[in-house]
Amino acid sequence: MPGSLPHALFVPLKFMPTDGGGAARPLKLNLDFSPPKSAALVFLFFLLLGVSAFLAASASTDTILAGESISGNQTLVSKSGAFELGFFSPGPGIHYYLGVRMRNMVENSPIFWLGDRVVVTDLLTASLEIFSGSLYIKQSGASLWWSPAGNRSSAAVAVLLDNGDLVVRDQGNSSLVLWQSFDYPGDALLPGARLGLDRDTGKNISLIFKDFSHNSSLSVDASRRNGFVLTTDGHDSRGTFPDWMVSSQDNGSSLLLNQPPESPNRPEFLEFRLGQVSLLRWSESDPAANNSTTAGWVPHWIFPSDCKSGGFFCGDFGACSSDGKCGCVDGFVPSYPIEWGLGYFVTGCSRSLPLSCESDGQTEHGDSFAPLDKLQGLPYNAQDEVAGNDQECRAACRSKCYCVAYSYGHGCKLWYHNLYNLSSAARPPYTKIYLRLGSKLSNNKVLQTKGIVLLVTGSIAISSLVVDDEVHRPSMGQVVRMLEGVVDIDLPPIPSSLQNIMGVDDSAIYSE
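Residues numbered from 1 in each chain as written. Predicted model: local features only at pLDDT ≥ 70, side-chain atom pairs only at ≥ 80, totals over all residues. Heavy atoms only, no water.

Considering unusual backbone geometry
A cis amide bond links F303 with the next residue in sequence, P304, at an omega value of -10 degrees. Structurally, the position occupied by P304 is in the loop between β25 (296-303) and β26 (318-320). Omega for the peptide link from P428 to P429 comes to 5 degrees, which places this bond in the cis form. Considering the arrangement of structural elements, one finds P429 in the loop between β34 (422-423) and β35 (431-437). Non-glycine residue D116 carries a positive phi angle of around 55 degrees. (Helix = DSSP H or I, 4+ residues; strand = E, 2+ residues; numbered from the N terminus.)

Quick look at the confidence of the model for the chain
Note: predicted coordinates in regions of low pLDDT should not be interpreted at a detailed level. Per-residue pLDDT for the chain averages 78, and the proportion of residues at 70 or more is 72%. Note that pLDDT drops below 50 for residues 444-473; the model gives that stretch 27 contacts with residues more than four away or on any other chain. Low pLDDT, under 50, characterises residues 494-512; the stretch is placed with 18 contacts to residues that sit more than four places away or in other chains. (pLDDT = per-residue confidence, 0-100. Contact = heavy atoms within 4.5 Å.)

Focus: the sheet that holds strand β10 (residues 142-146)
Sheets are built from strands that pair by backbone hydrogen bonding, the pairs being arranged parallel or antiparallel. Here we have four strands laid out as an open sheet, ordered β3-β8-β9-β10, and antiparallel in their pairing. Looking at strand neighbours, the two that pair on one side only are β3 (69-71) and β10, the edges of this open sheet. In this sheet, adjacent strand axes meet at a mean angle of 25 degrees when their direction is disregarded. When β3 meets strand β8 (residues 126-131), the two strands line up antiparallel, connected through three bridges. Paired with I70 across the bridge in β8 is L128. (Pairing = 2+ DSSP bridges. Axes fitted to C-alpha atoms, helices over the stretch in contact; angles between N-to-C directions.)

Looking at the pairing of strand β19 (residues 227-232)
Regular strands place their side chains on alternate faces of the sheet. The element β19 is largely enclosed, with a buried count of six among its six residues. Here β19 shows a buried face lined by G227, V229 and T231 and a second buried face lined by F228, L230 and T232. One ladder, built from six bridges, connects strand β18 (residues 215-221) with β19; its direction is antiparallel. Considered in β19, the bridge of D221 is made with G227. Between β18 and β19, which pair antiparallel one after the other, the connecting turn spans five residues, and N226 there sits at a positive phi close to 55 degrees. As defined by bridge partners, β19 adjoins strand β20 (residues 235-240) across six bridges and the pair is classed as antiparallel. Each bridged residue has a counterpart across the sheet, and for V229 the counterpart in β20 is R238. What sits between the antiparallel neighbours β19 and β20 is a turn of two residues, in which D233 has the positive phi angle 50 degrees. (Buried < 20%, exposed > 50% of the residue type's maximum accessible area, 1.4 Å probe, protein only.)

A look at the side chain of D221
Checked against the element boundaries, D221 lands in strand β18. D221 sits in the buried class, given a relative accessible area of 8%. Side chain to side chain, D221 and S223 meet in a polar contact 2.6 Å long. Only 2.8 Å separates the side chain of D221 from the side chain of R224, close enough to count as a polar contact. Among all residues touching D221, those that are not within four sequence positions of it are G227, F228, V229 and R238. (Polar contact = N/O pair within 3.5 Å; in protein donor to acceptor, adjacent residues only side chain to side chain.)

Structural data, given as structure tokens:
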């Protein structure tokens, strides 16, 4: 699951009292406890404390009024407090997207992305505003994205509802919905949202999953009760949702995702990944149990139901054994071990050792190829390559850093970037492929990396102490990700105190 930024970075909207139409001003309290006034001032003091508490309780809002906006570090909070909308990041880095998350479980909540995941790089100049019936994502005054206007209304407002839906509706007539985020769900669906035709807006809704090499979609199949079509790279597979999970509407052309009747307050959502759709439900850890369970998102329903019936069930570099269990191939480990422990395998496996071509040749040995035999058929999405023998086929794969495996039997087959549909065969005929493996970093590389780690750690620690704006200070999580090489290091602005000492300004240091 994607990570979230610390909650403290995003503050709800705050309102200040005004002088009756003038500019907002902060409350000021100047107390002079001289004997004649002390009783009255003490009363005033506690009265203002009560007012301050009331204002703090009323600090969050679920609405953006016409012509108004929220800035990049502000959020909308639904009336019940269950959901929060703002500009969030899927992990430590420089990019942010507009999204909705579960406010009471920020560290573990998925983020439901809005606005076509348009990239925002600067929270300080970012904003979400509503104008003439449309939402606008802006940065430095420029519009990056806007919602379709529908019926334009100068009195339209944007409201974050208690089910996580962001709606643009007429301020005087809340039933007149001009736009809603549930009509553009991306790759996940919250209870109360639907697939298929929404007659109120005329939108035909489907789930979409995209990565750099594959595309997948999930849409309603109105010809069958609770039916759906899962399409992966043009290949269709058909399934049905159980009756407890969805409600059929408009003669089956629309399917509404139900809130679970047995646990209405337990968070859940429908997640769509490459070749697989799952209903995930949050499960708390149970320290009292004999085999203590880990808290996490547990699959309550999955299609396809097991790795024998779905080539993507075990994820990238995951293999389905002859007894129907998922495991990582040699040289790989689960990408998200907690999810694997909870029975959710679609996130797949990651290399335990780097490829030589990915580390500038700084590994102890060059890349090797290990056989994977007794397979049932070939992995998904093989690419044909011209080669006269096994050695030429291997050389063709080695020459491309993104080639992860090859096979030479009925011609040369290569696999790029990932491996899906790895399954052990219970009986012949068997197939065999050769998997590309990396090796440990060389001793020189390890020593060099340690030096870089010490230098970077010291630099970040010092800059964190003296940087003027706390927004630019990296969190400990960001530091760890930087040292792991997951994200690039973005130097913070030179603090003003050091600029004075150095006799230079910030722009002079960072200009190219």
